[in-house]
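# Observations on chain architecture
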Amino acid sequence: MKTGRNLAITDVRVIVSSPGRNFVTVKIVTESGIYGVGDATVNGREMAVATYLQEHVAPCLIGRNAHDIEDIWQYLYKGVYWRRGPINMACVGAVDMALWDIKGKAADLPVYELLGGKSRRAVTTYAHATGNDVTETLDQAARLISEGFQTIRLQSAVPGMEGSYGVMGDKKDYFEMQSSRPLPPEQPWSTRKYMNSVEDLFRQARARFGPDVQLLHDVHSRLTPIEAARLGKMLEPYDLLFLEDAVAAENQESYRIVRDHTTTPLAIGEVYNTIWDCKDLIQNQWIDYIRTAATHAGGITGLRRIADFAAIYHVRIAPHGAPDLSPICYAAQSHIGLWAPNFGIQEFVGFGSAQSAEVFRHDLRIENGMIHVGESAGLGVDFDEEAAARYPYKRSYLPVSRLEDGTLWSW
Ligand code: EZ4
Ligand code: CO
């Protein structure tokens, strides 16, 4: 394809580094010297993405016009017989982010301007409060509220269960939990113990913070639809902004059951890779927030398509913001969040470790619980390859979950 303003791609660099945790970064360089960066991190499967990019994607990009974002997206999607899937879509996502970054730099405009401009002043986020008991969780929530966050995710250890989701005791992250043997840590799960304790967390939270603060909770896909329906009803008096991942939904129809029984708003999507994974959930209005990440669902182009489709059905976007998404993904999602008319909220766990700040330089800042996007052209985030080389890849896994009798469960 020949277009007027050619900006030929001359190099595609794939860097796996571990500044605090593993990230897969793509750097696309053009003949003009303008380059763009993208995040391709798939937590626990980083080398699969890196090899896919290096071996299968990079050769297809050399010589192409970096301005042809849509054609390159289609080429890497339809042009792969296999389509979809987390590995392919993270690679499409990273390339797509890098190309938007390049287009922004070439136009001397921040990416949100290319998307259509600002719909709001800044990007509202929610922060995480987690603790070994209800008091510890709520003390942390109180600190976050005093820092200016108005929406808090609450997770608390389930009494009688060693190591609940999101609660790590004296370990700072899942990396540390794997200690000397890099194999998935195992955590127990008991639906009964969880269901018997979770209401108290929200009862005490409302008693302590009153009605104005927005609260939410991540079930992390551990319930069946009818259990999730019961949980949604149980939590209705505490007025959640949303209940996240109540049920794993490879079968999207599962959410019909939950929806039929509760007015607690529902959110899902952090493991989805395309619009097809959430099509039924959205068009049947079984959910209220779609949580697909730019990295995992085909980049800015993929997320924008999902956002526009979701808007028709009163579904808002609430992109995943875990620590395994690099600052490049945060930047991409912040530009989308500034633009999307149906933006809901952005999950926020900080911009990463001190090591990560050496590697990723960005002009995002958080103030009163909102992300402010700077005025740099492109995504406003740069990647320092020399700094990254100081932090080599370390094999790492997310935990797995087992019932008390040993049965493998959803983590
Ligand atoms: O499952 O970090 O909403 N956030 C989450 C996180 C993610 C893990 C893996 O990406 O659910 O805990
Ligand atoms: Co989640």
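For clarity, every value in this text was computed on a predicted model and none was experimentally measured.

### So, the sheet that holds strand 18 (residues 408–409)
If you walk across this open sheet you meet the three strands as 6-17-18, and the pairing is mixed. Among the strands making up the open sheet, the edge pair consists of strand 6 (186–189) and strand 18. Sheet topology note: the strand 17 (residues 400–403)/strand 18 ladder contains two bridges and is antiparallel. Across the sheet, the residue bridging to Ser401 is Trp409, located in strand 18.

### Some words on the side chain of Gln155
Positionally, Gln155 belongs in strand 5 (residues 151–156). A distance of 2.8 Å separates a polar side-chain atom of Gln155 from the backbone nitrogen of Asp218. The contacts of Gln155, once residues within four sequence positions are left out, are Ala129, Thr130, Gly131, Thr137, Tyr165, Leu201, His217 and Asp218.

### Considering the pattern of salt bridges
Counted according to the given criterion, the structure contains 23 salt bridges. Note that Asp11 is salt-bridged to Arg13, the shortest N-O span being 3.7 Å. Taking the relative accessible area as the measure of exposure, Asp11 reaches 30% and is therefore partly exposed. The shortest N-O distance in the salt bridge between Lys193 and Glu404 comes to 2.6 Å. One end of the pair, Lys193, is in helix 7 (residues 191–209); the other, Glu404, is in the loop between strand 17 and strand 18, with 211 residues separating them in the sequence. One continuous salt-bridge network, built from bridges that share partners, spans Arg153, Asp218, Glu244, Glu270, Arg291 and Glu347.

### Observations regarding the sheet that holds strand 3 (residues 35–39)
On the basis of which strands lie adjacent, the open sheet formed by three strands has the order 1-2-3 and antiparallel pairing. Where the open sheet ends on each side, the last strands, each with one partner, are strand 1 (9–17) and strand 3. Across the sheet, the mean angle from the axis of one strand to that of its neighbour is 20°, orientation sign disregarded. When strand 2 (residues 23–30) meets strand 3, the two strands line up antiparallel, connected through five bridges. When the sheet's bridge partners are listed, Thr25 is paired in strand 3 with Asp39. Packing against the sheet, helix 1 (residues 46–61) makes contact with strand 1 and strand 2, and its axis sits at approximately 175° to strand 1. Against the sheet, helix 3 (residues 86–107) touches strand 1, strand 2 and strand 3, its axis set at about 150° to strand 3.

### Quick notes on the packing of aromatic side chains
Under the counting rule described, the total for this entry stands at 13 aromatic pairs. Judged by centre distance (5.9 Å) and plane angle (85°), the ring pair of Tyr126 and Phe242 falls under edge-to-face. Of this pair, Tyr126 sits in strand 4 (residues 123–131) while Phe242 is found in strand 8 (residues 242–244), placing the two residues 116 residues apart along the sequence. Phe242 shares its class with Tyr126; the two are buried. Judged by centre distance (5.3 Å) and plane angle (55°), the rings of Phe360 and Phe383 are tilted. Note that Phe360 is positioned in strand 13 (residues 360–362) and Phe383 in strand 16 (residues 381–383), a separation of 23 residues in sequence. Exposure class is identical for Phe360 and Phe383. Each is buried.

### Points about the nonpolar core
Grouped burial of nonpolar side chains is what soluble globular proteins tend to show. Of all hydrophobic cores here, the largest spans 120 residues; its most connected members are Ile28, Leu53, Leu154, Leu231, Tyr255 and Ile290. Looking at which element gives the most residues to this core, the answer is helix 3, with 11 residues. Other than its neighbours up to four places away in sequence, Ile28 contacts Ile9, Asp11, Val12, Ile34, Tyr35, Gly36, Leu61, Val95, Ala98, Leu99 and Ile102. Grouped together as the second largest cluster of nonpolar side chains are eight residues, Tyr126, Leu241, Tyr289 and Ala318 included.

### A few points about the state of the cysteines
One pass over the structure, following the stated rule, counts zero disulfides. Here Cys60 stays free of any disulfide, with the sulfur of Cys91 as its closest cysteine sulfur at 11 Å. The thiol of Cys329 is unpaired, and the distance to the nearest cysteine sulfur, on Cys91, comes to 14 Å.

Rules and cut-offs
- Residues numbered from 1 in each chain as written.
- Chains lettered and ligands numbered in written order.
- Predicted model: local features only at pLDDT ≥ 70, side-chain atom pairs only at ≥ 80, totals over all residues.
- Heavy atoms only, no water.
- Pairing = 2+ DSSP bridges.
- Helix = DSSP H or I, 4+ residues; strand = E, 2+ residues; numbered from the N terminus.
- Polar contact = N/O pair within 3.5 Å; in protein donor to acceptor, adjacent residues only side chain to side chain.
- Contact = heavy atoms within 4.5 Å.
- Salt bridge = Lys/Arg side-chain N within 4 Å of Asp/Glu carboxyl O.
- Buried < 20%, exposed > 50% of the residue type's maximum accessible area, 1.4 Å probe, protein only.
- Axes fitted to C-alpha atoms, helices over the stretch in contact; angles between N-to-C directions.
- Phe/Tyr/Trp six-rings, centres within 6.5 Å; stacked < 30°, edge-to-face > 60°.
- Core = buried A, V, L, I, M, F, W, Y, C linked by side-chain atoms within 4.5 Å.
- Disulfide = S-S within 2.5 Å.

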